[in-house]
Amino acid sequence: MSISDKVLRPVKVFCTATLGVGLLSGCSVPGPGGAPDGIHDPYEGSNRRAHAFNRELDRTIVNPVAQGYGKAVDDDLKTVVNNVATNLRTPGVMVNNLLQGDLGGFGKNLYRVVINSTLGIGGLFDPAAEISDVNLVEADFGMTLARWGAPEGAYLELPLLGPSTERDAVGRFVDLFTNPLFFILDPPERYSGIVAQAFDRVGDREQFSDTIDSVLYDSADSYAQTRLIYLQNRRFEVGGDDEDQYSDPYEDPYAQ
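These numbers come from a predicted model, not from an experiment. (Residues numbered from 1 in each chain as written. Predicted model: local features only at pLDDT ≥ 70, side-chain atom pairs only at ≥ 80, totals over all residues. Heavy atoms only, no water.)

1. Section: the packing of helix H3 (residues 75-99) against helix H4 (residues 103-118)
H4 packs onto H3 with a crossing angle of 160° between their chain directions and a minimal axis gap of 9 Å. Considering their axes alone, H3 and H4 lie roughly antiparallel with respect to each other. Read as a crossing pair, H3 and H4 show a hand that is left-handed. Of the residues in H4, those touching H3 at Thr86, Asn87, Thr90, Val93, Met94, Asn97 and Leu98 are Leu103, Gly105, Phe106, Asn109, Leu110, Arg112, Val113, Asn116 and Ser117. Split into classes, the residues belonging to the contact of H3 with H4 amount to 7 nonpolar, 8 polar and 1 charged. (Axes fitted to C-alpha atoms, helices over the stretch in contact; angles between N-to-C directions. Helix = DSSP H or I, 4+ residues; strand = E, 2+ residues; numbered from the N terminus. Parallel < 35°, antiparallel > 145°, perpendicular 65-115°, else oblique. Left-handed = near helix turned anticlockwise from the far one by under 90°. Contact = heavy atoms within 4.5 Å. Nonpolar A, V, L, I, M, F, W, Y, C, P; charged D, E, K, R; others polar.)

2. Comments concerning the pairing of strand S1 (residues 155-158)
Residues of S1 alternate between two faces, with Tyr155 and Glu157 on one and Leu156 and Leu158 on the opposite face, all of them buried. The pairing of S1 with strand S2 (residues 162-165) spans 4 bridges and is classified as antiparallel. Its bridge partner lying in S2, Leu158 is registered against Gly162. Turn length for the S1-S2 hairpin, with the two strands adjacent in sequence and antiparallel, is 3 residues, and the turn residue Leu160 shows positive phi of about 75°. (Buried < 20%, exposed > 50% of the residue type's maximum accessible area, 1.4 Å probe, protein only. Pairing = 2+ DSSP bridges.)

3. Details of the confidence of the model for the chain
Here the chain averages 86 in pLDDT, while 80% of its residues score no lower than 70. By mean pLDDT, the top-scoring element of the chain is S1 (98), and the lowest-scoring one is helix H1 (residues 3-24) (52). Every residue in residues 247-256 is under pLDDT 50, and counting partners more than four places away or in other chains gives 15 contacts. (pLDDT = per-residue confidence, 0-100.)

4. Brief notes about the nonpolar core
Where a protein is soluble and globular, its nonpolar side chains tend to be buried together. Among the nonpolar cores identified, the biggest contains 5 residues, and these are Ile39, Tyr155, Tyr223, Tyr230 and Leu231. Here the element with the most residues in this core is helix H11 (residues 222-238); it accounts for 3 residues. (Core = buried A, V, L, I, M, F, W, Y, C linked by side-chain atoms within 4.5 Å.)

5. A word on the side chain of Glu166
By secondary structure assignment, the location of Glu166 is in helix H7 (residues 166-175). Buried within the structure, Glu166 lacks any salt-bridge partner; Arg167 is the closest side chain of opposite charge, at an N-O distance of 9.6 Å. At 3.3 Å, the side chain of Glu166 and the side chain of Tyr43 are in polar contact. At 2.8 Å, the side chain of Glu166 and the backbone nitrogen of Ala154 are in polar contact. (Lys, Arg positive; Asp, Glu negative; His and termini not counted. Salt bridge = Lys/Arg side-chain N within 4 Å of Asp/Glu carboxyl O. Polar contact = N/O pair within 3.5 Å; in protein donor to acceptor, adjacent residues only side chain to side chain.)

6. Considering the packing of helix H2 (residues 44-72) against H11
With their axes 10 Å apart at the nearest point, H2 and H11 run at an angle of 100° to one another. As far as their axial angle goes, H11 and H2 are roughly perpendicular. For the pair H2 and H11, contact is made by Glu44, Asn47, Arg48, His51 and Arg55 and by Ser222, Tyr223, Thr226 and Arg227, respectively. For the contact of H2 with H11, the class distribution of residues is 1 nonpolar, 4 polar and 4 charged.

7. Observations concerning H11
Here H11 spans 24 Å end to end across 17 residues, near enough to the 24 Å set by a 1.5 Å rise per residue. When H11 is considered as a whole, its buried residues turn out to be Ser222, Tyr223, Thr226, Arg227, Tyr230, Leu231, Asn233, Arg234, Arg235 and Val238. Check the buried side of H11 and you find it contacts H2, helix H6 (141-147), S1, S2, H7 and helix H10 (209-218). (Expected span 1.5 Å × (residues − 1).)

8. Topic: the pattern of salt bridges
Side-chain pairs of opposite charge can arise whenever the charged atoms involved come near each other. All told, the structure shown has 15 salt bridges when counted by the stated rule. The partner of Arg234 in a salt bridge is Asp140, with the nearest N and O atoms 2.7 Å apart. Of this pair, Arg234 sits in helix H11 while Asp140 sits in the loop between helix H5 (127-130) and H6, placing them 94 residues apart in sequence. Residue Arg234 is classed as buried on the basis of its relative accessible area of 9%. A salt bridge links Arg234 to Asp168; the nearest nitrogen and oxygen atoms lie 2.9 Å apart.

9. Concerning unusual backbone geometry
Following Pro187, the chain continues into Pro188 via a peptide bond in cis, with omega recorded as 0°. Take Pro188: it is sitting in the loop between helix H8 (180-184) and helix H9 (192-207). With phi around 60°, Asp133 is a residue other than glycine that occupies positive phi space. Considering the arrangement of structural elements, one finds Asp133 in the loop between H5 and H6. The exposure class assigned to Asp133 is exposed, which follows from its relative accessible area of 59%.

10. Observations regarding the packing of aromatic side chains
This structure, assessed with the given rule, holds 7 aromatic pairs. Joined through ring pairs, the aromatic side chains of Phe173, Phe177, Phe182 and Phe183 make up one cluster. It is Arg190 that lies over the ring of Phe182; its NZ or CZ is 5.1 Å from the centre. (Phe/Tyr/Trp six-rings, centres within 6.5 Å; stacked < 30°, edge-to-face > 60°. Lys NZ or Arg CZ within 6 Å of the ring centre and 35° of its normal.)

As structure tokens, then:
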């Protein structure tokens, strides 16, 4: 790929993101008074079918693979995989820090990339957190869209990808291309971050197995429970930008 192509590709992605904001302005939103219980789910029928598919996929493939991964890989190596995955995705997080006007978060994440890529030997270790107590300041394009005033839209459950909203679905797509490494590196190195994150997600499935199993297989209505947990957690992450749309308080769902 030529240098000009590498420069133009991020511009094309930004144009796609701008188009996404325009599309989101027409997202399904609840009428006056908000949605019942703060949940807007006009696509519940198709969402439940996607949930049934995802649940069966987890039961037959994802969970067995995660359990095998947990037994075959020791905790130290899992930590290394997590460190590498986090370091490789941090440049994309930094782009969203900037788009949200969060210069403090951008600076902390820049420090993390520099320290972990050098002292941490390419991100194998996390001295930025262990020595300097500087943790990743999370940001994604779904959060960026919220900062830009895009509505949350309806709840969605996406096949393979799981719970989302109309806004976060657009954000997930754009985040595939917001990481500068995607444009700088050539294949196959370009996909190293995706591979590392895939292993990290498998590790998360094994680590939080009891909680996930209780939601998917022990609750009376796993779809409703998944939807509630996702929306509570996501709105807490976004920081209450949808306060005018929904009246429910934005509390940390994991707070004691």
